[in-house]
Amino acid sequence: MSAEIFDKVKGLLKEIQDAAPDNTDALEQFRIRFVGAKNVLKPLFGEIRNISNERKKEFGQLVNQVKQEAEAKFNQLKAQVEAKAEEADAGALDLTAPGEPLELGARHPVSIVMNRIVKIFERIGFVVAEEREIEDDWHNFTAMNTPEDHPARDMQDTYYLQDSTKMLLRTHTSSVQARTMENNQPPIRIIAPGRVYRNETISARSHCQFHQVEGLYIAENVSFADLKQTLLYFAKEMYGKTKIRLRPSYFPFTEPSAEMDIYWGLENETDYRITKGTGWLEILGCGMVDPQVLENCGIDPEKYSGFAFGMGIERQAMMLYKINDIRLLFENDVRFLNQFSSAY
Ligand code: PHE
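These lines cover the structure that appears in this document, whether it is placed above or below. (Residues numbered from 1 in each chain as written. Predicted model: local features only at pLDDT ≥ 70, side-chain atom pairs only at ≥ 80, totals over all residues. Heavy atoms only, no water.)

### Comments concerning the pairing of strand β5 (residues 209–219)
For step 1, the next point in the chain: Counting buried positions along β5 gives ten out of eleven residues, so the element sits mostly inside the fold.
For step 2, the next point in the chain: Where strand β4 (residues 188–197) and β5 come together, ten bridges link them in antiparallel fashion. Bridging from a neighbouring strand, valine 196 pairs with phenylalanine 210 of β5.
For step 3, the next point in the chain: Here eight bridges tie β5 to strand β9 (residues 305–312), and the two strands are oriented antiparallel to one another. Residue pairing across strands places alanine 219 opposite serine 305, the latter belonging to β9. (Buried < 20%, exposed > 50% of the residue type's maximum accessible area, 1.4 Å probe, protein only. Helix = DSSP H or I, 4+ residues; strand = E, 2+ residues; numbered from the N terminus. Pairing = 2+ DSSP bridges.)

Have a look at this one:
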C-alpha cells in the first residue's frame, strides 16, 4: 500500500514537471488539476494516516514538495502564457486602421479679434506699438492730463504695486500714447493692443483684467472729420455696418471727447436685447488729443493736432460672436474655445 501511494505521488510530480501548457485553455486544465479548490493533491494529505509510522515524515515532505512545485509551476506558466497572448495581440495590430484623430488647436477669440482690429488699421497706415503693463503713475495718468486728486482717476480703479504708490498695472493702453509721443515726433500713427487691469468686481460684463486697442494719430491739421472717417471705415470693416454716431463724452486726455456708437439694427430679438431696443451699440471712446497732453509729452500743440480712440477687445469679441458673459473669455474651457477653430 505504502509503496503504491508513493509511486502515485511521484507520478503526479513528474506530470507537473513535464506539463507544458501553451495556451490559456491548457493552463486552466493544469490549474484545476493541481492548484484549484478541488485539486488532486488535496486528498493525499488525508492519506498520511494510512502510511506506516517510519515513512509518515517522508510522505508528508513529498506531498508538500509536490504541492509547492505545482504552485510555482502554475505561476511560471501563467506568466508565459500571458506574455505569449500579449505578443499575439501585438501581432494582430492593424496597420491599415485609421489613426487617432488629431486635436487641432484654435486661436483664442480675444487674439482673433485683436488681430482683426490691428489688420484693419494697418491697412490705412497705422503701425503697432507695444509697451509695458507695469507702468508708472506719470505715463498712465499724469501725462494723460489726469494729475493726482483729479476726479477722473476714479473712473478707473487702479491696482498699485504693493511697495510703491507710483508704480501700477496700467489701467488703459493710453499709457502707450504717452510713451510714443515722448520718443517720436509727428507724424505718429500707431495702434496699440494690449492687456490692462482694473480693480473691478468680476461679473458677466466686467473683469479685472482685459484687453484694449488704442489708436493715435498726430500730424499737422488733423481734424475731427479725420477721426470720424477713420472710425466709419473701422465700423464697416469690422462689423459691416455703415451708420455710426458720435455722442459727446468726457475723457481727461481728449477734448472734445466722444463715444462712438454703431447702428447695429433691430432685426431680431437678440438685436433688441443687446441694443436695449435702440438699435445702437456703444463701441469705443475717442476724441481730439488734448493740447495739454501733447505738451506734456513734448509735442508742440501749436503745430500739431491729433485724435485718439480706445476700445475694449473683449467687448468687441462679445458683440462679434454673440457671447453674453465676459468670463467665458478667461476660463479657457476647451469646449468653448474649440468653437473658434474655424475663425481666422
Ligand atoms: N482710455 C480710455 C478708456 O480706457 C479710452 C480712450 C482712449 C478714450 C483714447 C479716448 C481716447 O476708457
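### Remarks on the layout of surface pockets
For step 1, the next point in the chain: Of the voids in this model, the largest pocket is the one considered here, and its volume is about 1,300 Å³.
For step 2, the next point in the chain: Lining the largest pocket are 48 residues, and of these Arg205, Glu282, Ile283, Gly312 and Arg315 sit closest to its centre.
For step 3, the next point in the chain: Among the elements of the structure, α7 (174–183), β5, β6 (244–251), β7 (254–263), α9 (269–274), β8 (280–289), β9 and α11 (313–321) are those that each provide at least two residues to the lining of the largest pocket.
For step 4, the next point in the chain: Looking at the lining of the largest pocket element by element, the count peaks at eight residues for β8. (1 Å grid on protein atoms, 1.4 Å probe; cavity = no way out; pocket = protein on both sides within 12 Å on 5 of 7 lines; lining within 4 Å. Points joined across faces, edges and corners; volume = space filled by probe spheres on them.)

### Considerations on the site of the ligand
For step 1, the next point in the chain: Taken together, 15 residues sit near the ligand, with His172, Ser174, Arg198, Gln212 and Glu214 positioned nearest.
For step 2, the next point in the chain: In the model, a nitrogen atom of the ligand is placed 3.0 Å from a nitrogen or oxygen of the serine 174 side chain.
For step 3, the next point in the chain: Measuring from an oxygen atom of the ligand, one finds a side-chain N or O atom of arginine 198 at 2.8 Å.
For step 4, the next point in the chain: When the free accessible area of the ligand is taken as 330 Å², the share hidden by the protein chains comes to 92%.
For step 5, the next point in the chain: Structurally, the ligand is housed in the largest pocket.
For step 6, the next point in the chain: Elements represented by at least two residues in the shell around the ligand include exactly α7, β5, β8 and β9.
For step 7, the next point in the chain: Counting residues per element, the shell around the ligand draws most heavily on β9, at three residues.
For step 8, the next point in the chain: Residues of the shell around the ligand, tallied by class, amount to five nonpolar, eight polar and two charged. (Near = heavy atom within 4 Å. Polar contact = N/O pair within 3.5 Å; in protein donor to acceptor, adjacent residues only side chain to side chain. Areas by Shrake-Rupley, 256 points an atom, 1.4 Å probe, with all protein chains shown as cover. Sits in = over half its atoms within 2 Å of the grid points. Nonpolar A, V, L, I, M, F, W, Y, C, P; charged D, E, K, R; others polar.)

### What about the packing of helix α5 (residues 109–122) against α11?
For step 1, the next point in the chain: Relative orientation of the contacting elements α5 and α11 amounts to 100 degrees, with a least axis distance of 9 Å. In this view, α5 runs roughly perpendicular relative to α11, as classed from their interaxial angle. Contact residues: α5 offers Pro109, Val110, Ile112, Val113, Met114, Arg116 and Ile117, while α11 offers Ile313, Glu314, Gln316, Ala317, Leu320 and Tyr321.
For step 2, the next point in the chain: Its residues assigned to classes, the contact of α5 with α11 shows ten nonpolar, one polar and two charged. (Axes fitted to C-alpha atoms, helices over the stretch in contact; angles between N-to-C directions. Parallel < 35°, antiparallel > 145°, perpendicular 65-115°, else oblique. Contact = heavy atoms within 4.5 Å.)

### Some points on unusual backbone geometry
Across the chain, the bulk of peptide bonds are trans and the bulk of non-glycine residues have phi less than zero.
For step 1, the next point in the chain: Geometrically, the link from proline 186 to proline 187 is a cis peptide bond, its omega value of 0 degrees lying close to zero.
For step 2, the next point in the chain: By secondary structure assignment, the location of proline 187 is in the loop between α7 and β4.
For step 3, the next point in the chain: Going from glutamate 255 to proline 256, the amide bond is cis rather than trans, its omega being -5 degrees.
For step 4, the next point in the chain: Here proline 256 is to be found in strand β7.
For step 5, the next point in the chain: With a phi angle near 55 degrees, lysine 322 is a residue other than glycine that sits in the positive phi range.
For step 6, the next point in the chain: For asparagine 332, which is not glycine, the phi torsion reads 55 degrees and is therefore positive.
For step 7, the next point in the chain: Topologically, asparagine 332 is positioned in the loop between α12 (328–331) and α13 (334–337).
For step 8, the next point in the chain: Residue class for asparagine 332 comes out partly exposed when judged on its relative accessible area of 45%.

### Describing the pattern of salt bridges
For step 1, the next point in the chain: Per the stated rule, a full pass over the model turns up 15 salt bridges.
For step 2, the next point in the chain: In this structure, arginine 335 and aspartate 333 form a salt bridge, with 2.7 Å as the shortest nitrogen-oxygen distance.
For step 3, the next point in the chain: The exposed category is assigned to arginine 335, whose relative accessible area is 66%.
For step 4, the next point in the chain: Residue classification places aspartate 333 among the partly exposed residues on the basis of a relative accessible area of 26%.
For step 5, the next point in the chain: Look at the salt bridges and you will find they share partners, linking Arg245, Arg247, Asp261 and Glu282 into a network. (Salt bridge = Lys/Arg side-chain N within 4 Å of Asp/Glu carboxyl O.)

### Topic: α7
For step 1, the next point in the chain: The buried fraction of α7 amounts to eight of the ten residues, a majority that puts the element mostly inside the structure.
For step 2, the next point in the chain: In this structure, the buried residues of α7 make contact with β2 (134–136), α6 (137–142), β4, β5, α10 (291–296) and β9.

### Digging into the environment of arginine 170
For step 1, the next point in the chain: Here arginine 170 lies in the loop between β3 (167–169) and α7.
For step 2, the next point in the chain: The exposure class of arginine 170 is buried, given its relative accessible area of 2%.
For step 3, the next point in the chain: Residues arginine 170 and glutamine 156, 14 residues apart in the sequence, show an inter-C-alpha distance of 9.9 Å.
For step 4, the next point in the chain: In this structure, arginine 170 is in contact with Glu131, Arg132, Glu133, Glu135, Asn140, Ser175, Val176, Gly194, Arg195, Val196 and Tyr197, ignoring residues within four places of it in sequence.
For step 5, the next point in the chain: Engagement of the side chain of arginine 170 in a polar contact is seen with the backbone oxygen of glutamate 131, the distance being 3.4 Å.

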